[in-house]
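If you want the building blocks of each chain, they are given just below.
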Amino acid sequence: MLLCLTLVCLLCAAILGGVYAMTYKPIQKANENILKASIGAVLPEGGSISEEKTAIFDGRTYTYYEQLSGDAVQAYAVKSATSGFGGRLELMVGVLPDGTVNNTRVISHSETPGLGAKCQTDERFLGQFRGLAPSKVIKLRNDGGDLDAITASTITSRAYTLAVSNAVEVVKSLKKEN
Amino acid sequence: MEYLLIIISAIFVNNILLSQFLGICPFLGVSNKLSTATGMSGAVCFVITLATIVTYLINKYLLLPFGLEFLQTIAFILVIAALVQIVEIVLKKISPSLYQALGIFLPLITTNCAVLGVAITVVTKEFSLGGAEAHLLNLGQATVYALATSVGYGIAMILFAGLREHLAGNHVPEAFKGLPIALITVGIMAMAFLGFSGIV
Amino acid sequence: MSKWSLVTKGFVKDNPTFVLVLGMCPTLATTTSAINGLEMGLATLFVLVLSNIAISALAPLVPDKVHIPVYIVVIATFVTVLQLVMQAYAPGAYATLGLFIPLIVVNCIVLGRAEAFANKNTVVDSALDGLGIGLGFTLSLTVIGLVREILGSGSAFGFKFIPGDGMLAFVMAPGAFIVLGYLMVLFNKYLKKK
């Protein structure tokens, strides 16, 4: 009886170890692809992407990538996370050196399907961030800003907006340092 | 404050039955009678809290340090199954009266997805508590979360059992008899619980 | 029972959702759209077929006393395989279905088929049984997902054909219970054995 259980467990552990080893590389690659796709989606065309860099802003560490054309930085892609309604909301935000938001993209989220999860698809909401000028206040209208929230999903919209505004601040602080 | 937030959110806002859909099978199975519903809720409460503490520690001190996260599912379910067995044996020895009350429900709990669901949720999901950045729960928070979640399970189950006892005496069209009308009732109850989502 | 009927019985006669009423948690939780329902169904199908095959092959060798732990280990193994494969090749679906992939371990359909069918039938029959029940489950989930998606978001399989927001309640928790309840009524009335 014990022998049988032990044998089955050993067999299963062996199978799992094998599958884990086999899928390890593809999983890494899949994660990399998601990251690359999100960087590509938020930056303007052209230029080469730098290695991953980190910046500390407001006590938190942010990961960002520089898009270089020649030696000049053409745009930044900043990974920015906040708390949404259901948990962590992680965005990739493309910011031009003058502080204009180029585009935004959700990397991962745990918002409610049909409500907060619309932050990935709702054009009326996402369109506002495309080419958002530095003169605009990156806050929801309710909070005294210039942006409209997703219908019935204020908390998600607020988290999204905060993530974008943090990313812009990170870029501003980078410019100051240089 | 943080703990209060966890408790309210786990019991009402993200009620495990009515908004996360965990543990539905035993819910529909034993909510016919108020007494069995109460017994089941007690047993679930006990096992979820205990299992969450044990799996949390196993995850933190065995799986993570050795890079074995991929064994999470299999390790957790085995721990839960073993735990339920142990609880059953211990209960039988120590408190026969409690065993009488909870005993018949214990074997059913291994396959109650609420137990595994909560165990996995606390070690993988990042929670946002009162505007702070989302983070994983620590052991104290995880325990409170597990306890509050299972209390929420109990509340929903007992409320529904009460409704269902009344429902049994009413005339219901043939095709609606049994589960369909029960499901529709749960739906209306879930709608009422949606009202809580504004408070956190 | 002929081989063909083993595969088709899952659609109506032994439909896991509407007749056997098993695996309610993923049925309610993941059917926010037709695609999500379909993906969840296929994920369960994968585990069901493999675990049925493994268990029917192992059953004669396993002493009766430990058969449940052995089955759970076998099922958990295949679920973990599925998790790893999905992370590698379908990360999008893995992110959407989230918690409900590891929870296939405790889906009563899988353990139920192992106990009720696979441990006393041949490997081929068990594989077909897993396929049949799995397809029935996939079909039910897709239909529920489709109804909720049409009512709640005004689209079908992601194609929007009704402008506007739709009735949000159907995408959220209450809609899941209510849609399943009413579909069960229709099933009882028109499809259940005459």
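See the structure printed just above.
The structure displayed is predicted, hence computed values, not measured ones.

Asks: Kindly report on the overall build of chain A, identifying the contributing residues and their values.
Replies: Regarding its fold elements, chain A presents three helices and six strands. Along its sequence from the N terminus, chain A presents helices and strands in the succession α-β-β-β-β-β-β-α-α. Over its C-alpha trace chain A gives a radius of gyration of 20 Å, far above what one expects of a compact globule, namely 16 Å for 178 residues. Summarising its shape, the C-alpha atoms of chain A cover approximately 75 × 45 × 30 Å along the three principal directions. Across the 178 residues of chain A, 46% fall into the buried class.

Asks: Account for the pairing of strand β4 (residues 72–83) of chain A, with residues named and values stated.
Replies: Residues and elements named next belong to chain A. In this sheet, β4 lies alongside strand β3 (residues 60–69) in antiparallel orientation, the contact comprising seven bridges. Bridge pairing links Y64 to V78 in β4. Two successive antiparallel strands, β3 and β4, enclose a turn made up of two residues, where G70 displays a positive phi of approximately 70 degrees. In this structure, the hairpin formed by β4 and strand β5 (residues 88–95) is closed by a connection of four residues, where G87 is found at a positive phi of approximately 145 degrees.

Asks: Hey, could you go over helix α1 (residues 2–13) of chain B for me, with residue numbers and the actual values?
Replies: For α1 of chain B, the complete set of buried residues consists of L5, I6, S9, A10, I11 and V13 of chain B. Along its buried surface, α1 of chain B packs onto α8 (139–168) and α9 (179–194) of chain B.

Asks: Which residues make up the interface of chain A and chain C, and what values go with them?
Replies: On the side of chain C, 23 residues touch chain A, which itself brings 21 residues to the contact. Together chain A and chain C conceal approximately 1,900 Å² of surface at their shared face, both sides included; 84% is due to carbon and sulfur atoms. Applying the counting criterion to the chain A and chain C interface returns zero residue pairs in polar contact (both at pLDDT 80 or more). Of the residues belonging to the side of chain A that touches chain C, the class tally is 17 nonpolar, three polar and one charged.

Asks: Requested: an account of the packing of α8 of chain B against α9 of chain B, with residues and values cited.
Replies: All names here are of chain B. Running from amino to carboxyl end, α8 crosses α9 at an angle of 135 degrees, the nearest separation of the two axes being 11 Å. One element, α8, and the other, α9, form an angle in the oblique class. For α8 against α9, the interelement crossing comes out right-handed. Here α8 contributes A156, L159, F160, L163, R164 and L167 to the contact with α9, which in turn contributes L179, I181, A182, T185, V186, M189 and F193. Each residue belonging to the contact of α8 with α9 can be placed in one class, and the counts come to 11 nonpolar, one polar and one charged.

Asks: Mind laying out the state of the cysteines, listing which residues take part and the relevant values?
Replies: Scanning the entire structure with this criterion turns up zero disulfides over all chains. Of the cysteine sulfurs around C108 of chain C, a residue in no disulfide, the closest is that of C25 of chain B, at 3.4 Å.

Asks: Now, about the pattern of salt bridges: what can you tell me, with residues and values included?
Replies: Using the criterion set out here, one finds 11 salt bridges over all chains in the structure. For the salt bridge of K53 of chain A with E66 of chain A, the shortest nitrogen-to-oxygen distance reads 2.7 Å. Separated by 13 residues along the polypeptide, K53 of chain A in strand β2 (residues 53–57) and E66 of chain A in strand β3 bring together distant segments of the chain. E66 of chain A sits in the buried class, given a relative accessible area of 10%. A cluster of three or more residues bridged by salt bridges with shared partners is formed by K9, R113 and D129 of chain C.

Asks: Provide a residue-level description of the interface of chain C and chain B, including the pertinent values.
Replies: Often the size quoted for an interface is simply the accessible area lost on bringing the parts together. Between chain C and chain B, the contact holds 35 residues from the first and 34 residues from the second. It is C25, V106 and F177 of chain C in chain C that bury the most area against chain B; as a group they hold 21% of the surface buried on that side. Inspection of the chain C/chain B interface yields zero salt bridges. Where chain C meets chain B, there are two residue pairs in polar contact (both at pLDDT 80 or more). The set of elements that each furnish at least two residues to the side of chain C that touches chain B consists of α2 (24–29), α4 (67–89), α6 (108–116) and α8 (173–190) of chain C. Examining the composition of the side of chain C that touches chain B, we find that 12 residues originate from one element, α8 of chain C, more than from any other. For the side of chain C that touches chain B, the residue count by class is 28 nonpolar, six polar and one charged.

Asks: Outline the environment of G23 of chain B, listing residues and values.
Replies: Here G23 of chain B lies in the loop between α1 and α2 (24–30). Residue classification places G23 of chain B among the buried residues on the basis of a relative accessible area of 0%. G23 of chain B sits 21 residues away from V44 of chain B along the chain, and the two C-alpha atoms are 9.6 Å apart. Setting aside anything within four residues of it in sequence, one finds G23 of chain B in contact with L17, N112, C113, A114 and Y153 of chain B together with C25 of chain C.

Asks: I'd like to hear about the environment of N103 of chain A, residue by residue, with values.
Replies: All names here are of chain A. Here N103 is to be found in strand β6 (residues 101–108). Classification of N103 by relative accessible area gives buried; the value is 15%. Along the primary structure N103 and L43 are separated by 60 residues, whereas in three dimensions their C-alpha atoms are 6.8 Å apart. When sequence neighbours within four positions are dropped, the list of residues in contact with N103 reads A41, V42, M92, V93, G94 and R130. Among the polar contacts listed, one links the side chain of N103 to the backbone oxygen of A41, at a separation of 3.4 Å. A polar atom in the side chain of N103 sits 3.5 Å from the side chain of R130.

The rules we used
Residues numbered from 1 in each chain as written. Chains lettered and ligands numbered in written order. Predicted model: local features only at pLDDT ≥ 70, side-chain atom pairs only at ≥ 80, totals over all residues. Heavy atoms only, no water. Helix = DSSP H or I, 4+ residues; strand = E, 2+ residues; numbered from the N terminus. Rg over C-alpha atoms; globule rule 2.2 N^0.38 Å. Buried < 20%, exposed > 50% of the residue type's maximum accessible area, 1.4 Å probe, protein only. Pairing = 2+ DSSP bridges. Contact = heavy atoms within 4.5 Å. Buried area = accessible area lost by both parts, 1.4 Å probe. Polar contact = N/O pair within 3.5 Å; in protein donor to acceptor, adjacent residues only side chain to side chain. Nonpolar A, V, L, I, M, F, W, Y, C, P; charged D, E, K, R; others polar. Axes fitted to C-alpha atoms, helices over the stretch in contact; angles between N-to-C directions. Parallel < 35°, antiparallel > 145°, perpendicular 65-115°, else oblique. Left-handed = near helix turned anticlockwise from the far one by under 90°. Disulfide = S-S within 2.5 Å. Salt bridge = Lys/Arg side-chain N within 4 Å of Asp/Glu carboxyl O.

Honestly, it's all geometry; don't read function into it.
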